Amino acid sequence: MITTGVLSGAEAVFFDAGMTLLAPAKPILDVYLGAADLVGAEMDRVAFQHHYQTLWKRVTEDFRSAHHELETSDALERDAWRRFTLEVAR
């Protein structure tokens, strides 16, 4: 909860999940590898990075071709992220 009044008078608030406006505190790759380490999965950093980049490209291309009119919704975004994170975990 914001109690300092920092946003008082704000006309818009932007949320960003794609590193457009904000950068993560640590690289996304490190977040995924850290999570894998927590569950005991041994990952080769270079192989995982290649897998991640290939997967990201495929998922974004699939999403664009399925939604060529650039339509989106909370449900579509949730589903795309769910599919992406499931594939990353595999």
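Residues numbered from 1 in each chain as written. Predicted model: local features only at pLDDT ≥ 70, side-chain atom pairs only at ≥ 80, totals over all residues. Heavy atoms only, no water.

Asks: I would appreciate a short explanation of the overall build of the chain in the present structure.
Replies: Counting its secondary structure elements, the chain contains three helices and zero strands. Each helix (α) and strand (β) of the chain, taken in turn from the N terminus, gives the series α-α-α. Burial analysis of the chain (90 residues in total) assigns 14% to the buried set. Contacts in the chain between residues far apart in sequence, at least 24 positions, make up 46% of those at least 6 positions apart. Accessible surface computed for the chain: about 7,600 Å², of which carbon and sulfur atoms make up 58%. (Helix = DSSP H or I, 4+ residues; strand = E, 2+ residues; numbered from the N terminus. Buried < 20%, exposed > 50% of the residue type's maximum accessible area, 1.4 Å probe, protein only. Contact = heavy atoms within 4.5 Å. Areas by Shrake-Rupley, 256 points an atom, 1.4 Å probe, with all protein chains shown as cover.)

Asks: How do you make sense of the environment of methionine 43 when you look at a structure like this?
Replies: Looking at the element boundaries, methionine 43 is found in the loop between helix 1 (28–38) and helix 2 (45–66). A C-alpha to C-alpha distance of 10.0 Å links methionine 43 and tyrosine 32, two positions 11 residues apart in sequence. Aside from chain neighbours lying at most four places away, what touches methionine 43 is Leu33, Ala36 and Phe48.

Asks: Just to check I follow, could you spell out a nonpolar patch on the surface for this structure?
Replies: Together, Phe14, Leu21 and Leu22 line one region of the surface with nonpolar side chains, adding up to about 380 Å² of accessible area. Of note, leucine 22 is situated in the segment before helix 1. (Patch = residues over 30% accessible without salt bridge, like charges linked within 9 Å, V, L, I, M, F, W, Y side chains within 5 Å. Salt bridge = Lys/Arg side-chain N within 4 Å of Asp/Glu carboxyl O.)

Asks: How should helix 3 (residues 74–89) be read in this particular structure?
Replies: Residues spaced three or four apart along an α-helix face the same direction, because each turn holds 3.6 residues. With 16 residues, helix 3 extends 22 Å from end C-alpha to end C-alpha; this agrees with the ideal 22 Å at 1.5 Å per step. Along helix 3, the positions that sit buried rather than exposed are Ala80, Phe84 and Val88. End-on view of helix 3: buried residues confined to an arc of 70°, all on one side of the axis. The exposed residues of helix 3 that point more than 90 degrees off its buried face are Asp74, Arg78 and Ala89. Where helix 3 is buried, its residues contact helix 1 and helix 2. (Expected span 1.5 Å × (residues − 1). Arc of directions from axis to C-beta.)

Asks: Is there a simple way to think about the packing of aromatic side chains in this case?
Replies: The geometry of two aromatic rings is summed up by the distance between their centres and the angle between their planes. Enumeration according to the criterion identifies seven aromatic pairs in this entry. Each ring, one from tryptophan 56 and one from tryptophan 81, has its centre 5.6 Å from the other, and the planes form 45°; the classification is tilted. Taken together, the residues tryptophan 56 in helix 2 and tryptophan 81 in helix 3 connect sequence positions 25 residues apart. Overall, the relative accessible area of 35% leaves tryptophan 56 in the partly exposed class. A connected cluster of aromatic rings, assembled from ring pairs, spans Tyr32, Phe48, Tyr52, Trp56, Trp81 and Phe84. (Phe/Tyr/Trp six-rings, centres within 6.5 Å; stacked < 30°, edge-to-face > 60°.)

Asks: Which parts of the structure should I look at to understand the pattern of salt bridges?
Replies: Proximity of charged atoms lets side chains of opposite charge pair with each other. Scanning the entire structure with this criterion turns up four salt bridges. Residue arginine 82 is joined to aspartate 79 by a salt bridge in which the shortest nitrogen-to-oxygen separation is 2.7 Å. Of this pair, arginine 82 and aspartate 79 are both found in helix 3, three residues apart, which corresponds to roughly one turn of the helix. By relative accessible area, arginine 82 is classed as partly exposed at 45%.

In short, the description is geometric, and any link to function would need to be established separately.
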